[in-house]
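Observations on the three-dimensional arrangement
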Amino acid sequence: MKSNQIFKLMILTVLALTGCEKANIDVDTSAVDGSAIGEVSGVWAKGSTQVIKGDIVIPEGKTLTIEEGVTVLMDTVAKPEIIIKGNLYALGTTENPIKFTVNDFYKTPLTKFGKLWGGILAGPTCEELVLDHVILEYGGAKTSDASTSVKMGLYKVAGESLPALWFANARGRLVVQNSTIRNFQEDCTYIEGGRIIFANNVFYTTGVTGGEAMNFKSGCLADIAYNLVYSTNTNALKLSNTGDKTPQTYIIAYNNTMVNTGWRRPTAKGGSIWLESTVRADLYNNLFANTRFGVKRDPKKPEDNRSAYSNNWYYGFDQATVNQFQPSGDIVGGKNDVISNVAGANDPKFVNYPLNTAVTNADFNTAWDFHLQGNSPALGKGITNFTRHHQAGIIMKNGITYSSPSPSTFVGAYGTKI
């Protein structure tokens, strides 16, 4: 490590130790490289580095816009939380994503499940939140009685591992697209209401004793499409109407790829997609590869009977996996689903992924390619004749409209490579 990096780490440690009180102490809202603790708003300029020394709060009625290429560097001693009472627009690009991260020195095999900072927590007064081309990594620290989120009555209670993202406004608007969430302790997202689009995201290396990639509670109207979820501890999607919010949660999930999910938490709820508490769910064109179970319901709290399932694809490398796909009282079978009966049948033919990879493996190889080969039997097996919640778009106050992507005739998140 370069000497200036070591010096910087020493300074950050001293600052954190001398400022243990969380949040609302001091703030530098410079548009260029800066540091922050306390209330923030305005613009973090393209390509800048923002060092977060303690919990930060976007006040109600205020907005923080983060431009492309910004690195948000979290202090690993203070383990900051980002509290959003106003609005947040994190607007990266393919070439210049925004990173919420820690210094590379702390990224080791021993910290692959994070806990090095908190998470992004958007309370009931947050009207709009956009994460576009954003990388969230190495968070999920546990709360304490001193945590700003606990003092404000947000999320749950002290002692909980924070998700990468929590959102809790049933009248709010939430868009997460083209983003990566990785190296988190438990849940990636925990959503309690809103008009929502989750599209073209990647989730991996998350969850030690529990945790979903996308966890939805009551009050959500969400379109979930073209996401890749690899080896979450529990489910790729947990869909529930638990809570007292209106409207009833209604999730339309289509063209997602789920691989090896659920095996590191071998309980009733560990699998791929979990349905409960009168949630309404429409599931189309999803690809399940070596997941523990297919779509599974809670028999004691089943889903809304208007839910629809069609044209989903199931592959299992071994017979034990295949057996757990078969429709039964709590395993859902859909119209025109392709469900293996024999190990190895219905190989989707990924471009580059060894299908015999251990199902408990949580480490993701970025060289893997989950596009479909030109001779994949999963091509042309999807349907497109269904309506999405937000195909006309969600219009944000910053003038940008976000629309849920159109479905495709291939199954899974990726067709053939262009």
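Scroll up to find the structure this text is about.
Here goes a summary of the coordinates provided. (Residues numbered from 1 in each chain as written. Predicted model: local features only at pLDDT ≥ 70, side-chain atom pairs only at ≥ 80, totals over all residues. Heavy atoms only, no water.)

1. Observations concerning the layout of surface pockets
- Volume-wise, the largest pocket comes out at about 280 Å³.
- Around the largest pocket, the lining is made up of 19 residues, and of these Lys156, Glu186, Asp187, Gly210 and Gly211 lie nearest the centre.
- Its residues placed into classes, the lining of the largest pocket shows two nonpolar, seven polar and ten charged. (1 Å grid on protein atoms, 1.4 Å probe; cavity = no way out; pocket = protein on both sides within 12 Å on 5 of 7 lines; lining within 4 Å. Points joined across faces, edges and corners; volume = space filled by probe spheres on them. Nonpolar A, V, L, I, M, F, W, Y, C, P; charged D, E, K, R; others polar.)

2. Some remarks on the nonpolar core
- Core analysis: the largest hydrophobic core is formed by 65 residues, its most contacted members being Trp44, Phe100, Leu129, Leu136, Phe198, Phe216 and Leu239.
- Among residues more than four places away in sequence, those in contact with Phe216 are Ile191, Ile196, Phe198, Ala222, Ile224, Leu237, Lys238, Leu239, Ser240 and Ile251.
- Phe370, Leu372, Ala378 and Val411 belong to the second-largest nonpolar core, a separate cluster that totals 26 residues. (Core = buried A, V, L, I, M, F, W, Y, C linked by side-chain atoms within 4.5 Å. Buried < 20%, exposed > 50% of the residue type's maximum accessible area, 1.4 Å probe, protein only. Contact = heavy atoms within 4.5 Å.)

3. Side note on the packing of aromatic side chains
- Enumeration over the complete set of coordinates arrives at 22 aromatic pairs.
- With centroids separated by 5.4 Å and ring planes inclined at 65°, the aromatic side chains of Tyr254 and Phe386 adopt a geometry described as edge-to-face. Within this pair, whereas Tyr254 is found in strand E22 (residues 250–254), its partner Phe386 is found in the loop between strand E32 (369–372) and strand E33 (394–395), the two being separated by 132 residues in sequence. Here the two residues Tyr254 and Phe386 agree in accessibility, since each one is buried.
- Where Trp368 meets Phe370, the ring centres are 6.4 Å apart and the plane angle is 85°; that geometry is what we call edge-to-face. For the pair Trp368 and Phe370, a shared accessibility class is recorded, and that class is buried.
- Positioned above the aromatic ring of Tyr250 is the side chain of Arg280, whose terminal nitrogen or guanidinium carbon lies 4.1 Å from the ring centre.
- Above the ring of Phe293, the side-chain terminus of Lys296 is found at 3.9 Å from the ring centroid. (Phe/Tyr/Trp six-rings, centres within 6.5 Å; stacked < 30°, edge-to-face > 60°. Helix = DSSP H or I, 4+ residues; strand = E, 2+ residues; numbered from the N terminus. Lys NZ or Arg CZ within 6 Å of the ring centre and 35° of its normal.)

4. Describing the side chain of Lys238
- Locating Lys238 in the fold gives a position in strand E21 (residues 237–240).
- Despite its burial, Lys238 remains without a salt bridge, the nearest opposite charge being carried by Glu276 at 4.3 Å.
- The contact partners of Lys238, leaving out residues within four places of it in the chain, are Glu212, Met214, Asn215, Phe216, Lys217, Lys269, Trp274 and Glu276. (Lys, Arg positive; Asp, Glu negative; His and termini not counted. Salt bridge = Lys/Arg side-chain N within 4 Å of Asp/Glu carboxyl O.)

5. Quick word on the pattern of salt bridges
- Within this structure, the stated rule accounts for eleven salt bridges.
- Two residues, Lys107 and Glu137, come together in a salt bridge whose shortest N-O distance is 2.8 Å. Taken as a pair, Lys107 in the loop between strand E8 (98–101) and strand E9 (120–122) and Glu137 in strand E11 (residues 134–137) lie far apart in primary sequence, 30 residues in all.
- On the accessibility criterion, Glu137 (2% relative accessible area) is buried.
- In this structure, Lys417 and Asp369 form a salt bridge, with 2.7 Å as the shortest nitrogen-oxygen distance. Of this pair, Lys417 sits in the segment after strand E34 (401–402) while Asp369 sits in strand E32; the two residues are 48 residues apart in sequence, bridging distant segments of the chain.
- A residue is classified by how much of its surface remains accessible, and Lys417, at 51% relative accessible area, is exposed.
- Residues participating in the shared-partner salt-bridge network are Asp104, Lys107, Glu137 and Arg182.

6. A short note on the environment of Ser240
- Residue position: Ser240 is located in strand E21.
- Along the primary structure Ser240 and Leu110 are separated by 130 residues, whereas in three dimensions their C-alpha atoms are 33 Å apart.
- Those residues in contact with Ser240 that lie beyond four places of it in its chain are Phe216, Lys217, Ser218, Thr249, Glu276, Ser277 and Val279.
- A distance of 3.0 Å separates the side chain of Ser240 from the side chain of Glu276, its partner in a polar contact. (Polar contact = N/O pair within 3.5 Å; in protein donor to acceptor, adjacent residues only side chain to side chain.)

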